[in-house]
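Next come the chains, spelled out residue by residue.
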Amino acid sequence: MTKTSYREQDHTFGQQMLALRMATGLTQAELGKILGVSRHTVGAWEAGESYPKAEHLKAFIRLLFEQQGFQAGSEEEQIRALWRSAHQKVLLDEPWLKSLLEQQVVPLVSTLTEEKDPPPAIAEQLRLWTVPYARNPHFTGREELLDQLTQHFQSQDMETRTLRHVALTQTQVLKGLGGIGKTQTAIEYAYRSREQERYTHTLWIAAASEEVMIASFTSLAARLPELAAQSETDPYKLMLSVKRWLEQCHDSWLLIVDNADDLALVQPYLPIEGNGCLLFTTRASAVGNLASAIDVETMGLLEGAHLLLRRAHLLEGASDDLMNDASSVVAELGQFPLAIDQAGAYIEETRCSINDYLLLYRQHRHRLLARRGLQMTGYPDSVATTWELSFRQVERMNSASAELLHLCALLAPDRIPEELLEQGSPYWPPALQEATADLFSFNQLIEPLLAFSLVKRLSTDRQLSIHRLVQAVQLGGMSPQEQRQWSERLVRALNASFPEHSDEPNTWPQCMRYLEQVQVCDVLIEHHHLQFPEAADLLDRAGSYFLEHFMPGQAEPLYRRALAIREQQWGGEHPQTASSLYHLATLYRANSDFAQAEPLFERALAIRQQQLGAEHLETAACLHGLASLYESQRRTEKGEVLARRALDIYEQQLGADDLETTPVRRTLALLYMRQERLEVAEALFQHNLAICERQLGPEHPQTATTLNGLAFIYVPQGRYQEAERYYRRVLAIREKYFGPTHYQTALVIYNLGNLYREQGRYEEAEPLAQQALALYEQHLGPQHVYLADSFIALADILWHLGKYPQAEELARQALDLHEAHLSPVHEYIAKDLTILGAIYREQGRYVEAEPLFQRALQINVRRLLGSIIILYEFALLREAQGQDEQAYALHQQALAACQQVGRTETHPEMLAIRQHLATLQRRLGRPEDAASRGGMQTLSAYDGAQAGS
């Protein structure tokens, strides 16, 4: 059933559906499998949120009939009533119903005992009901939890069981944080069980303390005729009498023991045999061998939104927008049931809007969590009151545990590394410091918090978690001075734990464990204006981790705050300040923000030259940074001077084969490549490769970077097989270290696609180009200048595959991005213009194509490598226009450029140019010159070699 708005559910049909399913003994998942629908669909039917289709309802009725789920003698009446309550759009199929009712169904017979009429004394006796709470009219969801309880307790038919031990399978514990909904779930289970007559007696024992438990047992004894007649006044003997009565009772019973946080206190007075079921609710994390336990978790987002709106009496007719607003409140409340109930009560009582409540909660979190409301239902205490009582008990049990709770209130709640608490111990107060000294004392420290479910322990991952609202209530009880003091301790401890060399791959798994905590510390540093060196160090190292993973949006604010702290602490001319300037400049260079990068590099260089000397390694690092910036800007002559100077310092200080020399040598190689000095560039990369493979091994990411550089050089040389082999090695290494979706992996996927494009392998290139583009967009966003490289590469592939409209759109996007970020005479813009011109030419749009080629040639007039493809594509335009003389001249220029950059005669560009020259010579009636004859001979030899290989 499709609904256009949210409204109150149809409980009439839902409750019928639930009761009938329970009669079959099937879970929602099992019934869904039989009917061919999901468990969630069955749950929606039972919640009254939707109705089954006619075919599903018929299948369900047939199943019930065959399983004798309907009352004998009134099957037809019940089937018709069920069909009407399900609001079907079609009438009940009368022939089908008649055929169904005429079937012979074999009655179910117990294999244990024959059913007989009960003795009159038993039939007429009282049915005890001592649940002290009315049914919660706002109870919402928890169907899966209730299902688990029902299936667990119905493992045997309660009406046919004889005296037996109450085994673990008939005892169940609901455990979880105070206010999570354990008691409310137990109440709802009791009422549903009464409706379905599962138990003769439903009994309730409150066990929050020994006094409360005694009073509860005494009250129950007074309800039992056999015990009420006795004159026993000793409460402990009375409790034992109730225990014996339960063990000897022939009727089925359900005993709910609520708030049994001290299970050892309760256990002596519980029946060990009898015809009943035990259900406990407890905050205790460990229940020992008492029973199997179900963790009661927070509500689902939609489930919580329904509860909020129902509690506020706003659910009927609620729009999608209101439902979305309610979901936002539920998310802010950590999906915590008691907090949601409190919010609903507040909204009902004050008549404020959902959005107004959200604003109020963000401003007055602790006050609202402490407010229970006037119309509380079944649970009188607020979230804050509930937990503050637990906090006081923890304090009495172990003061260090209370201190740990203060600390956890500041941390990112979901994954708190235990080693942070241990390694940070020098910064904690004395009691907590002692408690984190070794594993045994640490376990004792955690025990009181686990006892009240205030934290959870993920032992496999050695992590803790704490609910956000527990944090909120803790923080609400701390003064601003206490919060600042704990924040300082946390920042210092995390700085001591966070890896020092966060740019090295072997530290990244440990970095990842701390990243959420670093982000929390960043907020605390800003909020409390923490201005000490450890804060800057932590932010700086975290920024370097993010930069290595090309996450500039995360790295920049960390670097900037580190710089501000260091300038305030050390002054503007200190080497520590220079380090922050250098890192920030490196970020901007990597992000192509060259205008911001250059003055930062220059300022850092000046500080280091002044403070450390011209020959210091950190000075060389700044020289290298500037050289790398100039390489990115194609300022190759200036870049070469700085890179050579930096390399000299590194080699003099460390030796020519030291690993730290490889980055600057790589930058120098790239500068030579820009200058078309490919042989010199290759020699530098080969030197780096030897160092990396010897010191790091063949599978290290730094080795992969060198292999990537070599492959990049091989492509313009036509050494495609070597390039492909290296690119594939790089791809395997980066997928292993970074994963298939990392930005570094995307770079080599892009390069491999470009290699295939260069070879004319467009069908193989297209999926790689598409993959690289998707990853670039994921990491960089839609307007980053690097995205233009992927746009134009994919455009080039698509137009060669005849997909002109898509190719044109991508080429225009690339041109727009490059023109917005780069100089108007940048070579990348020339490349965009050339490919867009070729797309126009192939569609016969010659007038639009010609000025694009002319502008591209003007940009690349001094760049031989870049001009080859422009001359060639422009020549093809002239051929298409019938201007053979001009085409011939352009091809001649392209051929000369190929020869000057060292293209071999078998290079695809050389072969294509010579072929066109030969064709044009014939058309122009010119005799073949030596170059053309050699070219055609080479082409023939090449074709023969390919055929024979």
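Residues numbered from 1 in each chain as written. Predicted model: local features only at pLDDT ≥ 70, side-chain atom pairs only at ≥ 80, totals over all residues. Heavy atoms only, no water.

Visitor: Go over the overall build of the chain, please, and point to the residues and values.
Guide: Regarding its fold elements, the chain presents 46 helices and eight strands. Relative to its 949 residues, the chain shows a buried fraction of 53%. A separation of at least 24 residues holds for 68% of the contacts in the chain among residues at least 6 apart in sequence. Carbon and sulfur atoms form 51% of the exposed surface of the chain, whose accessible area is close to 42,700 Å². (Helix = DSSP H or I, 4+ residues; strand = E, 2+ residues; numbered from the N terminus. Buried < 20%, exposed > 50% of the residue type's maximum accessible area, 1.4 Å probe, protein only. Contact = heavy atoms within 4.5 Å. Areas by Shrake-Rupley, 256 points an atom, 1.4 Å probe, with all protein chains shown as cover.)

Visitor: Talk me through the sheet that holds strand S1 (residues 171–175); I want residue IDs and the actual numbers.
Guide: What the five strands build is an open sheet, ordered S2-S3-S4-S1-S5; its pairing is parallel. Strands with a single pairing partner mark the edges of an open sheet, and in this sheet they are strand S2 (201–206) and strand S5 (292–295). Neighbour to neighbour, the strand axes of the sheet diverge by 20 degrees on average, direction disregarded. Sheet topology places S2 next to strand S3 (residues 253–258); six bridges connect them, and they run parallel. When the sheet's bridge partners are listed, Trp 204 is paired in S3 with Ile 256. (Pairing = 2+ DSSP bridges. Axes fitted to C-alpha atoms, helices over the stretch in contact; angles between N-to-C directions.)

Visitor: Tell me about the sheet that holds strand S7 (residues 455–458), residues and numbers included.
Guide: Judged by pairing direction, the sheet is antiparallel, and its three strands sit side by side in the order S6-S8-S7 without closing on themselves. Sheet topology places strand S6 (416–417) and S7 at the edges, where each strand pairs with a single neighbour. Examined bridge by bridge, S6 and strand S8 (residues 463–466) share two bridges and lie antiparallel to one another. Bridging from a neighbouring strand, Ile 416 pairs with Leu 464 of S8.

Visitor: So what's going on with the pattern of salt bridges? Which residues, and what values?
Guide: Pairing between side chains of opposite charge can happen when the charged atoms of each approach one another. If you walk through the whole model with that rule in mind, you get 55 salt bridges. Among the salt bridges present, the one from Glu 724 reaches Arg 761, with a minimum N-O distance of 3.2 Å. Of the two residues, Glu 724 sits in helix H36 (residues 720–738) while Arg 761 sits in the loop between helix H37 (743–758) and helix H38 (762–780), which places them 37 residues apart along the sequence. The buried category is assigned to Glu 724, whose relative accessible area is 19%. According to the relative accessible area criterion, Arg 761 is partly exposed, its value standing at 22%. (Salt bridge = Lys/Arg side-chain N within 4 Å of Asp/Glu carboxyl O.)

Visitor: Account for the nonpolar core, naming residues and giving values.
Guide: Grouped together as the largest cluster of nonpolar side chains are 239 residues, with contacts concentrated most on Leu 279, Leu 308, Tyr 357, Trp 387, Leu 404, Leu 407 and Leu 454. Broken down by element, the residue count for this core peaks at ten residues, all from helix H39 (residues 787–800). If you look at the next biggest cluster of nonpolar residues, it comprises 29 residues, including Ala 207, Leu 238, Met 239 and Trp 245. (Core = buried A, V, L, I, M, F, W, Y, C linked by side-chain atoms within 4.5 Å.)

Visitor: Any chance you could break down the UniProt feature "repeat: TPR" (unreviewed entry) in the chain for me, citing the residues and the numbers?
Guide: UniProt records the feature "repeat: TPR" (unreviewed entry) for residues 578–611, 704–737, 746–779 and 830–863 in the present numbering. In residues 578–611, helix accounts for 91% and strand for 0%; the two terminal C-alpha atoms are 10 Å from one another. Each end of residues 746–779 is marked by a C-alpha atom, and these two atoms are 10 Å apart; helix forms 91% of the span and strand 0%. (UniProt positions renumbered as here; feature names shortened; annotations may be inferred.)

Visitor: I'd like a description of the packing of helix H33 (residues 662–674) against helix H34 (residues 678–695), backed by residues and values.
Guide: It is at 8 Å that the axes of H33 and H34 come closest, and there the two elements cross at 160 degrees. Relative to H34, H33 is oriented roughly antiparallel. The crossing of H33 and H34 is left-handed. Across the interface between the two elements, Thr 662, Arg 665, Arg 666, Leu 668, Ala 669, Leu 670, Tyr 672 and Met 673 from H33 touch Leu 678, Val 680, Ala 681, Leu 684, Phe 685, His 687, Asn 688, Ile 691 and Cys 692 from H34. (Parallel < 35°, antiparallel > 145°, perpendicular 65-115°, else oblique. Left-handed = near helix turned anticlockwise from the far one by under 90°.)

Visitor: Summarise the side chain of His 624; cite the residues concerned and give the values.
Guide: With respect to the secondary-structure elements, His 624 resides in helix H31 (residues 617–632). From its side chain, His 624 meets the backbone oxygen of Pro 663 in a polar contact 3.4 Å long. Separated by 2.7 Å, the side chains of His 624 and Thr 667 make a polar contact. (Polar contact = N/O pair within 3.5 Å; in protein donor to acceptor, adjacent residues only side chain to side chain.)

Visitor: Break down helix H45 (residues 908–924) for me, citing the residues and quoting the values.
Guide: With 17 residues, H45 ought to run about 24 Å at 1.5 Å a step, and its terminal C-alpha atoms sit 24 Å apart, in line with that. For H45, the set of buried residues is Glu 909, Met 910, Leu 911, Ala 912, Ile 913, Arg 914, Leu 917, Ala 918, Leu 920 and Gln 921. (Expected span 1.5 Å × (residues − 1).)

Visitor: Tell me about the packing of aromatic side chains, and name the residues and values.
Guide: All told, the structure shown has 19 aromatic pairs when counted by the stated rule. The interplanar angle of 65 degrees and the centroid separation of 4.9 Å between the aromatic rings of Trp 129 and Tyr 191 together place this pair among those described as edge-to-face. With Trp 129 in the loop between helix H7 (120–123) and helix H8 (143–153) and Tyr 191 in helix H9 (residues 182–195), the pair connects residues that are 62 residues apart, well separated along the chain. Taking 5.7 Å as the distance between ring centres and 40 degrees as the angle between the ring planes, the aromatic pair formed by Tyr 743 and Tyr 776 counts as tilted. Here the residue Tyr 743 occupies a position in helix H37, and Tyr 776 occupies one in helix H38, the gap between them amounting to 33 residues. Classification of Tyr 743 as buried rests on a relative accessible area of 4%. A relative accessible area of 3% places Tyr 776 in the buried class. Grouping aromatic residues by their ring pairs yields a cluster made of Phe 550, Tyr 743, Tyr 750, Tyr 776 and Tyr 786. Here Arg 492 stacks its cationic end above the ring of Phe 532, 4.0 Å away from the centre of that ring. (Phe/Tyr/Trp six-rings, centres within 6.5 Å; stacked < 30°, edge-to-face > 60°. Lys NZ or Arg CZ within 6 Å of the ring centre and 35° of its normal.)

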